[in-house]
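Coordinate analysis (summary)
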Number of protein chains: 4
Amino acid sequence: MGSAARIPVTVLGATGVVGQRFVARLVQHPWFRIEHLAASERSVGRAYAEACTWQLPGETGGRHANESHAGCGARTLVAATPEAAFAPVVFSALDSGPARDIEPAFAAAGAVVFSNASAFRMDPVVPLLVPEVNAAHLALLDTQRVRSGGRGGIVCNPNCTATVLTLALAPLHRAFGVQTVMMTSMQAVSGAGWPGVSSLDILGNVIPYIRDEEEKVPEETARMLGTLRDGAVVPADLTLSAACHRVPVLDGHTEAVSVRLRGDPSPEAVAECLAEFRGEPQELSLPSAPERPVYVHTAPDRPQVRRDVQAGGGMSVHVGRVRRCPVLGIKFVVMGHNAERGAAGASLLNAELAHARGLLDA
Amino acid sequence: MGSAARIPVTVLGATGVVGQRFVARLVQHPWFRIEHLAASERSVGRAYAEACTWQLPGETGGRHANESHAGCGARTLVAATPEAAFAPVVFSALDSGPARDIEPAFAAAGAVVFSNASAFRMDPVVPLLVPEVNAAHLALLDTQRVRSGGRGGIVCNPNCTATVLTLALAPLHRAFGVQTVMMTSMQAVSGAGWPGVSSLDILGNVIPYIRDEEEKVPEETARMLGTLRDGAVVPADLTLSAACHRVPVLDGHTEAVSVRLRGDPSPEAVAECLAEFRGEPQELSLPSAPERPVYVHTAPDRPQVRRDVQAGGGMSVHVGRVRRCPVLGIKFVVMGHNAERGAAGASLLNAELAHARGLLDA
Amino acid sequence: MGSAARIPVTVLGATGVVGQRFVARLVQHPWFRIEHLAASERSVGRAYAEACTWQLPGETGGRHANESHAGCGARTLVAATPEAAFAPVVFSALDSGPARDIEPAFAAAGAVVFSNASAFRMDPVVPLLVPEVNAAHLALLDTQRVRSGGRGGIVCNPNCTATVLTLALAPLHRAFGVQTVMMTSMQAVSGAGWPGVSSLDILGNVIPYIRDEEEKVPEETARMLGTLRDGAVVPADLTLSAACHRVPVLDGHTEAVSVRLRGDPSPEAVAECLAEFRGEPQELSLPSAPERPVYVHTAPDRPQVRRDVQAGGGMSVHVGRVRRCPVLGIKFVVMGHNAERGAAGASLLNAELAHARGLLDA
Amino acid sequence: MGSAARIPVTVLGATGVVGQRFVARLVQHPWFRIEHLAASERSVGRAYAEACTWQLPGETGGRHANESHAGCGARTLVAATPEAAFAPVVFSALDSGPARDIEPAFAAAGAVVFSNASAFRMDPVVPLLVPEVNAAHLALLDTQRVRSGGRGGIVCNPNCTATVLTLALAPLHRAFGVQTVMMTSMQAVSGAGWPGVSSLDILGNVIPYIRDEEEKVPEETARMLGTLRDGAVVPADLTLSAACHRVPVLDGHTEAVSVRLRGDPSPEAVAECLAEFRGEPQELSLPSAPERPVYVHTAPDRPQVRRDVQAGGGMSVHVGRVRRCPVLGIKFVVMGHNAERGAAGASLLNAELAHARGLLDA
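Okay, so let's go over this structure.

What counts and how
- Residues numbered from 1 in each chain as written.
- Chains lettered and ligands numbered in written order.
- Predicted model: local features only at pLDDT ≥ 70, side-chain atom pairs only at ≥ 80, totals over all residues.
- Heavy atoms only, no water.
- Helix = DSSP H or I, 4+ residues; strand = E, 2+ residues; numbered from the N terminus.
- Rg over C-alpha atoms; globule rule 2.2 N^0.38 Å.
- Buried < 20%, exposed > 50% of the residue type's maximum accessible area, 1.4 Å probe, protein only.
- Areas by Shrake-Rupley, 256 points an atom, 1.4 Å probe, with all protein chains shown as cover.
- Lys, Arg positive; Asp, Glu negative; His and termini not counted.
- Charge placed at Lys NZ, Arg CZ, Asp CG, Glu CD.
- Contact = heavy atoms within 4.5 Å.
- Buried area = accessible area lost by both parts, 1.4 Å probe.
- Salt bridge = Lys/Arg side-chain N within 4 Å of Asp/Glu carboxyl O.
- Nonpolar A, V, L, I, M, F, W, Y, C, P; charged D, E, K, R; others polar.
- Least-squares fit on C-alpha atoms with pLDDT ≥ 70 in both.
- Expected span 1.5 Å × (residues − 1).
- Bend = angle between axes of the 7 residues up to and from the residue.
- Polar contact = N/O pair within 3.5 Å; in protein donor to acceptor, adjacent residues only side chain to side chain.
- Pairing = 2+ DSSP bridges.
- Axes fitted to C-alpha atoms, helices over the stretch in contact; angles between N-to-C directions.

For chain A, the count of helices and strands is 13 helices and 14 strands. Taken over C-alpha atoms, the radius of gyration comes to 20 Å for chain A, in line with the 21 Å a tight globule of 362 residues would show. Projected onto its principal axes, the C-alpha positions of chain A cover 60 × 50 × 35 Å. Going through the 362 residues of chain A one by one, you find that 64% of them count as buried. With the model as given, the accessible surface of chain A reaches about 12,100 Å², and the carbon-plus-sulfur share is 49%. Of note, chain A has its 32 positive side-chain charges centred 2 Å away from the centre of its 35 negative side-chain charges.

Let us now look at the interface of chain B and chain C. Contact with chain B, which involves 13 residues of that partner, is made by 12 residues of chain C. Overall, the association of chain B and chain C removes approximately 1,400 Å² of surface from exposure, summing both partners, and the carbon and sulfur fraction of that is 37%. Connecting chain B to chain C are zero salt bridges. Residues that form the side of chain B that touches chain C fall into these classes: five nonpolar, two polar and six charged.

Right, let's talk about the pattern of salt bridges for a bit. Summed over all chains, the structure comprises 48 salt bridges over all chains. With a closest N to O distance of 3.0 Å, Glu280 of chain A and Arg357 of chain A form a salt bridge. On the criterion of sequence distance, the pair formed by Glu280 of chain A in helix 11 (residues 280-283) and Arg357 of chain A in the segment after helix 13 (344-356) is long-range, its members being 77 residues apart. Exposure remark for Glu280 of chain A: the relative accessible area of 24% places this residue in the partly exposed category. Across the pair Asp264 of chain D and Arg324 of chain D runs a salt bridge whose closest N-O atoms are separated by 3.5 Å. Of this pair, Asp264 of chain D sits in the loop between strand 11 (253-261) and helix 10 (267-276) while Arg324 of chain D sits in strand 13 (residues 317-325), and the two are 60 residues apart along the sequence.

Here we come to the relation of the copies chain B and chain A. Rotating chain B by 180° and moving it 0.0 Å along the rotation axis overlays it on chain A with an RMSD of 0.0 Å. Here the copies are linked by what is in effect a two-fold axis. Of the residues that chain B buries at the interface, 100% are likewise interface residues in chain A, meaning the two copies contact each other through the same surface.

Glancing now at helix 4 (residues 96-108) of chain D. Since the α-helix turns once every 3.6 residues, residues separated by three or four places project in the same direction. Residues and elements named next belong to chain D. Over its 13 residues, helix 4 runs 18 Å from end to end, which matches the ideal 18 Å to within 8%, given 1.5 Å per residue. Along helix 4, the sharpest change in direction is near 25° and occurs at Ile102; proline Pro104 comes one to four residues later. Against the buried residues of helix 4 lie strand 1 (7-12), helix 3 (82-85), strand 4 (89-92), strand 5 (112-115) and strand 6 (153-156). Count one or two residues on from helix 4 and you reach Gly110, which has phi positive near 105°.

What follows deals with the relation of the copies chain B and chain C. For these two chains of identical sequence, chain B goes onto chain C by a turn of 180° and a shift of 0.0 Å along the axis, with RMSD 0.0 Å. Of the residues that chain B buries at the interface, 92% are likewise interface residues in chain C, meaning the two copies contact each other through the same surface.

Okay, the interface of chain B and chain A next. The interface is formed by 44 residues belonging to chain B together with 45 residues belonging to chain A. Here chain B packs against chain A, burying approximately 3,400 Å² in sum over the two surfaces, 60% of which is carbon and sulfur. When the area that chain B buries against chain A is broken down by residue, the three leading residues are Pro208, Arg306 and Val327 of chain B, summing to 16%. Applying the counting criterion to the chain B and chain A interface returns six salt bridges. A salt bridge links Arg321 of chain B to Glu214 of chain A, with the shortest nitrogen-to-oxygen separation between them at 2.7 Å. Connecting chain B to chain A are 25 residue pairs in polar contact (both at pLDDT 80 or more). Elements with a contribution of two residues or more to the side of chain B that touches chain A: strand 7 (178-187), helix 8 (199-202), strand 10 (239-246), strand 11 (253-261), helix 12 (305-308), strand 13 (317-325) and strand 14 (329-336) of chain B. Sort the elements by how many residues they give to the side of chain B that touches chain A and strand 10 of chain B lands first, with six residues. Counted by class, the side of chain B that touches chain A contains 24 nonpolar, 11 polar and nine charged residues.

Residue and element names in this part refer to chain C. What the six strands build is an open sheet, ordered 10-7-11-14-13-12; its pairing is mixed. Unpaired on one side and paired on the other, strand 10 (239-246) and strand 12 (294-296) mark the two borders of the sheet. In this sheet, adjacent strand axes meet at a mean angle of 25° when their direction is disregarded. Where strand 7 (residues 178-187) lies against strand 11 (residues 253-261), eight bridges are found, and the strand directions are antiparallel. The partner of Ser185 across the bridge, within strand 11, is Glu255. Across the face of the sheet, helix 10 (residues 267-276) comes into contact with strand 11, strand 12, strand 13 (317-325) and strand 14 (329-336) while running at roughly 165° to strand 13.

Bringing helix 13 of chain A into the picture now. All names here are of chain A. Its 13 residues place the ends of helix 13 18 Å apart at the C-alpha level, agreeing with the 18 Å of an ideal helix rising 1.5 Å per residue. With 12 of its 13 residues buried, helix 13 lies for the most part within the structure. For helix 13, the set of buried residues is Ala344, Gly345, Ala346, Ser347, Leu348, Leu349, Asn350, Ala351, Glu352, Leu353, Ala354 and His355. In the stretch just after helix 13, Gly358 is the one whose phi turns positive, near 80°.

Set out below in structure tokens:
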């Protein structure tokens, strides 16, 4: 698809940690091209490269040394309103507060908003989507369109911690049925954005609390593993307990998981089920889809977040140490990239699925 | 008790991370005085300050700036044999391998060995002792003495991770009865000694594996919470699942715990039970006993290992976030100093208990 | 001195990183007692323990476990105005902006303000004081009093990086004369306050820039090493080049220093000069004075900030590796506690000097 | 060049940190193909993937997820002798001790050894080579060949800290002439190999000492900037003082540099000279050559090691903050990848230069 034919998109909240990852992924995307970068009022009118504390390798705006493409550091930031920043596809890296007003405004103007914000995740007509897990839920976009009579709508990706967990649970839920889950997380600082976590708080420390996280994980996980029935999602019937911690790691959440599965399968059967798992993004060969959504490690001390998080562009989750749990039957560790698979890459993959299904056509 | 009257002691493995903490605690102890510092062959004959990479604040050997006492940096290291290093009380910071031969040799020579090594922890006649938890098990020392016909014996402190956990479980076991435990640890690098964990492995990383740790924690915990009956310990009847991780923290293990208790008490009842817990060390006012063995935090984001681990000389464990667990009933986080409460301070407190009971008298 | 007889003091900016250290030092100070804790408007009326994210060991307000004194977590914060918060002695942990108005207001009301802010450090009539270095400059307080006709005044402690450097240069300046200095700093994150440096910026990183720092160090150092002549400070005639870096260290600035001294003394002579250095705080045995203001290490790899920074309550600076520099003659490393010797402890020592000289009497 | 035509090479010390980087670079190299992986005796006969604690992203042996090539994790390790491991080109990641015997053995057998070891760096007939800096010194390889009458020889890359510094000094030396240099380093832990620096030593710490480093930097730098005259290198006539520190950074050395240049050029002239610098690797478009050997940053707080070290495959050095130094005239910060530009990538670039000049032909 030539540059002219690529679908114009807007990034909302382009200067933040997740917004930057949207930009870095979009500057060379085969299907989408950046039309607008939108930011909060105090940044409007400034060049992206000036308004932004770039967190990623390479230069601000996604250009890398020795690359021929231009990046978008020179772009002027516009206001986050449909008037100033409309495009048929919108990626939202907004915080939940601003998202509550801005995302519906873009949807009402006819845009499909792929959002990383939590504002509408539990809205009954909004798909809370991980394409490998619950691609069928995308049908809720039609429900939104029918209601509004327009082309617009909102599609959410889940909380990063829930995403990593759910990618490991989904194959097991399909194959066996998940009944009970205990999850203890060790989460990276990038999950809190920039400036986010103070270095005074986290250097050499573990903080055993992340606001709202232990509530979001169970409800979002149950919704994603749930079934679409009569135009509504019936959450999966499982019990989930989450304990969330911040650790001095840059990118990537590690989660220690114990799970009770129907039929009490062996660790070998569980590992095989996870390793063989493929979903619709793999069948459709979506541009951001990893070859293997769940990468199963056999080394006794892997996955390790610093060493494994970037594999597959940060879009695989990594499972290791599948073993017996004396309490729930099976335990393992799962690790994934909170800011890619759990945020920017997630919404981009959602948009790719929608496009592959013809839902973004003019 | 004047210096002359203090009981002479030997430190085995004096140059290592735990050995150093024994030294630092002993240089000003009111009841004990260092008679011998023993080390491996290649260090014998060298001054302690030269043979040792001191890990603690102050000068090698436990002297602090502006303190009047001398420390023991100038002492000459001796061989770890009863011939070279006998004293009636011995503190062992040996690795498990050497401990297997050396500790019984000292016991046979008439010494009471207070050991941090794992070699004899599960030996039926060796007390695996945390004085607040199972002071009654110290009676096994008599069993050893009767068998050998001598004054010697071995008393072990448990694995550091098990110690921290058990101090939080013991009050609950007494008050309610512990049935099921899930524990996910985030452990400090000092738990692996020096040089121990390579910086290349742990900087910005989480390692989801610690050799043998997930096996030791359940068996040692059940033993400590068990009952002495007819001269043998009957382990507590509980199911415990442990998942152990190394994190880039210097000192102090953080453990996320879920627990099923008989009678399903409320979080408030659990917190109160923990906060009011006192044991024999507190009743006897042992020199190394913390005022509160379990310190219950009310701030939503505490305990934090870097900020709380030193409180009470590292001898308290810290509990926070006592709340409902949808799976097992109660969850909380507990944190304690692996190298003090979980190692050197632990064996010292064991020795203090033995002395207070008159078991170390000539 | 009984509690009643102690001098009442106010802490301005009590909730910040430096303010907390003032509080922790003052709760048990033999000469001073806290009368008011003042904070910004949004904290006024709240309890100190609630308004404050406590950074130090122990409980908010300076109480440690098992201590009998009360701490001041329960105190109500008052406004930072003389009307609400007057005391004859004031410790200021304000940022430079607010300090510009608030400190003179307290001075005008008759208080002697001991300030850690940079606002008035280069004011010709304000002593920029390190008691071991330039106790004579305190005479400028009289100049202020004569001008105002009142009892009030302002006394500043220097920038933390300059303080650590100057404590090492002062003995050499006295003994030999300092001509040229090159200083490269590796500074702790606590120097930027809380939340200060984002963990996303500093984990596993070095930031080669600290705003204004390379300008402050030369001018403040030259002023402190200067001479009081005819009621004004004549700065020392030396050339100083500073390069400042932030590193992932919690507390304590490490500085690599090369220096050209008159007479080209040997490393041994330099080390001896530093080790023997004592100043007026040592002669007067001021409560916060370390026994040795400059502690000279002989181990080849010391001082190390994490291991040595707390020695002497953080009030000593540590010098090591005194050796030949092929460019300037002598090089060494110096390390000191930015938030104690370089901030809260600094101003407290200044106040102790003033009190010992009778300048704070009613 | 097809796989068949590629030059077979041996990697000595293949399991270490630098050896792994050789492997990762060679598995897909256009000119070279791995013939032998050699290791110490206890690893001989084991598969590479088993004998090696892989430090790099992807799987052991250089295969990345989703890549079609095979990596070399399944290769069997052979002994580090010419009999077992001969190839016409050898890359040595040996420690200095073993290198002293093994490298000459391979050279005597007719191999050209490109070595990262320090053993022969100061040997008068061994080129100490950075291709952008002193490509002419490669002529010493002919001297070796004439002496031995064979095809073999040894070519060294310098110490990592010296390499980073010299790449920044070389353009200035050519354009102006370098007279005096002060360099303070903040070095990554990977420079010490694996396990290398203990996490207990470096977490939250700065170690102001690296053995032999302050001696190597001046002598190697002067040699590289020197001139080949009558078959011998005349070192550059400059005075250099180095102060070396270890910091908790994974990869990449940061160096604060002050320099006195002939003619006292402005910071702007210095920055322009560095930015425009190109060398023979760029002219020849060698496969491992970065487009810009010195990348000059204009942001006030860059380069930052964690964010910039990977740019250009780790083969560029990064300069920032070029400014006036009151002592020596110019100061700046330079940062480079110790294990790529300073080790594996360095020797590989040396081999590419030799090959491009026809020195490796059969």
